[in-house]
Amino acid sequence: MQQWHLFIAFFRVGMLGYGGGPGSIPLIHKEVVDKYEWMSDEDFGDLLALANTLPGPIATKLAGYIGHRVTGIVGMINAVLATIIPTIILMIILLSSLSSIKDVGWVQGMTAAVIPVVAMMLTVLTWQFFDKARKGMGWTQTLVMSAVIFVLFQFLNVHPGIIIGVLIIIALLKKDKPSAAKGGVSR
């Protein structure tokens, strides 16, 4: 039964993840964290950060890891296949007929109408991650860090994997400050 749930969860993601990885991430979150509770929000955030440092499509990386975590190697294969099968089928169908209908008004309207939906899903997921960071680091540090990362991404074209890797190294090297002895004088 667990394999079936795994297949259905990632098949839905494969069918509805319009726009590639960014559109799939909120759907995967909904299935994995909210519906089936295979992971916590924190675990999903950590996985997403690590998956972004690796090459390849984010949906298949997440599916592979989550499938393996839920039911091992068979689960990994199941989840990855469930993620890519809808895309393969839809690509064959769409590409074979796209050239004849790409200029039809309802096709252009459908494509335009989906963009705000994907944007809102990403906005909600972004707010959830921002709020989690705020709770962990506070407003000031979260806003400063967000601004610095925005500048690095947007204006300096630094790859997200490099930033995530540097942050992981900083977190590993950072040592807790020794607390002052009770009743003692801190310097």
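Report follows, based on the coordinates.

So, how was this worked out
Residues numbered from 1 in each chain as written. Predicted model: local features only at pLDDT ≥ 70, side-chain atom pairs only at ≥ 80, totals over all residues. Heavy atoms only, no water. Helix = DSSP H or I, 4+ residues; strand = E, 2+ residues; numbered from the N terminus. Rg over C-alpha atoms; globule rule 2.2 N^0.38 Å. Buried < 20%, exposed > 50% of the residue type's maximum accessible area, 1.4 Å probe, protein only. Contact = heavy atoms within 4.5 Å. Areas by Shrake-Rupley, 256 points an atom, 1.4 Å probe, with all protein chains shown as cover. Lys, Arg positive; Asp, Glu negative; His and termini not counted. Charge placed at Lys NZ, Arg CZ, Asp CG, Glu CD. Salt bridge = Lys/Arg side-chain N within 4 Å of Asp/Glu carboxyl O. 1 Å grid on protein atoms, 1.4 Å probe; cavity = no way out; pocket = protein on both sides within 12 Å on 5 of 7 lines; lining within 4 Å. Points joined across faces, edges and corners; volume = space filled by probe spheres on them. Phe/Tyr/Trp six-rings, centres within 6.5 Å; stacked < 30°, edge-to-face > 60°. Polar contact = N/O pair within 3.5 Å; in protein donor to acceptor, adjacent residues only side chain to side chain.

1. Overview of the overall build of the protein chain
Along the protein chain, the regular secondary structure elements total seven helices and zero strands. Element order for the protein chain, N to C, with α for helix and β for strand: α-α-α-α-α-α-α. In terms of overall dimensions, the protein chain is more spread out than a globule: its C-alpha atoms have a radius of gyration of 21 Å, far above the 16 Å expected for 187 residues. Considering only C-alpha atoms, the protein chain reaches an extent of 80 × 40 × 25 Å along its principal axes. Out of the 187 residues in the protein chain, the part that is buried amounts to 26%. For the protein chain, the share of sequence-separated contacts (at least 6 apart) that also reach a separation of at least 24 residues comes to 53%. Here the protein chain displays about 12,600 Å² of accessible surface, and carbon together with sulfur accounts for 70% of that area. When the 14 basic and 10 acidic side-chain charges of the protein chain are each reduced to a single mean position, those positions are 8 Å apart.

2. Some thoughts on the pattern of salt bridges
Per the stated rule, a full pass over the model turns up five salt bridges. Two residues, D34 and K30, come together in a salt bridge whose shortest N-O distance is 3.8 Å. You can see D34 and its partner K30 sitting in helix 2 (residues 21–35), four residues apart, about one turn around the helix. A relative accessible area of 39% places D34 in the partly exposed class. A salt bridge links R69 to D43, with the nearest nitrogen and oxygen atoms 3.2 Å apart.

3. Side note on the layout of surface pockets
The volume enclosed by the largest pocket comes to roughly 1,600 Å³. Every residue lining the largest pocket is counted, 34 residues in all, and those nearest its centre are G45, A49, F129, I149 and I164. At the level of secondary structure, the elements contributing two or more residues to the lining of the largest pocket comprise helix 2, helix 3 (41–51), helix 4 (58–101), helix 5 (105–137), helix 6 (139–154) and helix 7 (160–173). For the lining of the largest pocket, the leading source of residues is helix 5, giving eight residues.

4. A short note on the packing of aromatic side chains
Given two aromatic rings, one states the distance between the centres and the angle between the planes to describe the pair. Scanning the model with the defined rule gives six aromatic pairs in all. The interplanar angle of 55 degrees and the centroid separation of 6.0 Å between the aromatic rings of F130 and W139 together place this pair among those described as tilted. F130 gets classed as buried once you look at its relative accessible area, which sits at 17%. For W139, a relative accessible area of 45% gives the class partly exposed. By way of ring pairs, the aromatic residues W4, F7 and F11 are connected into one cluster.

5. Some words on the side chain of T83
Within the fold, T83 resides in helix 4. You can call T83 buried: its relative accessible area is 5%. Looking at T83, its side chain comes within polar contact range of the main-chain oxygen of A79, at 2.7 Å.

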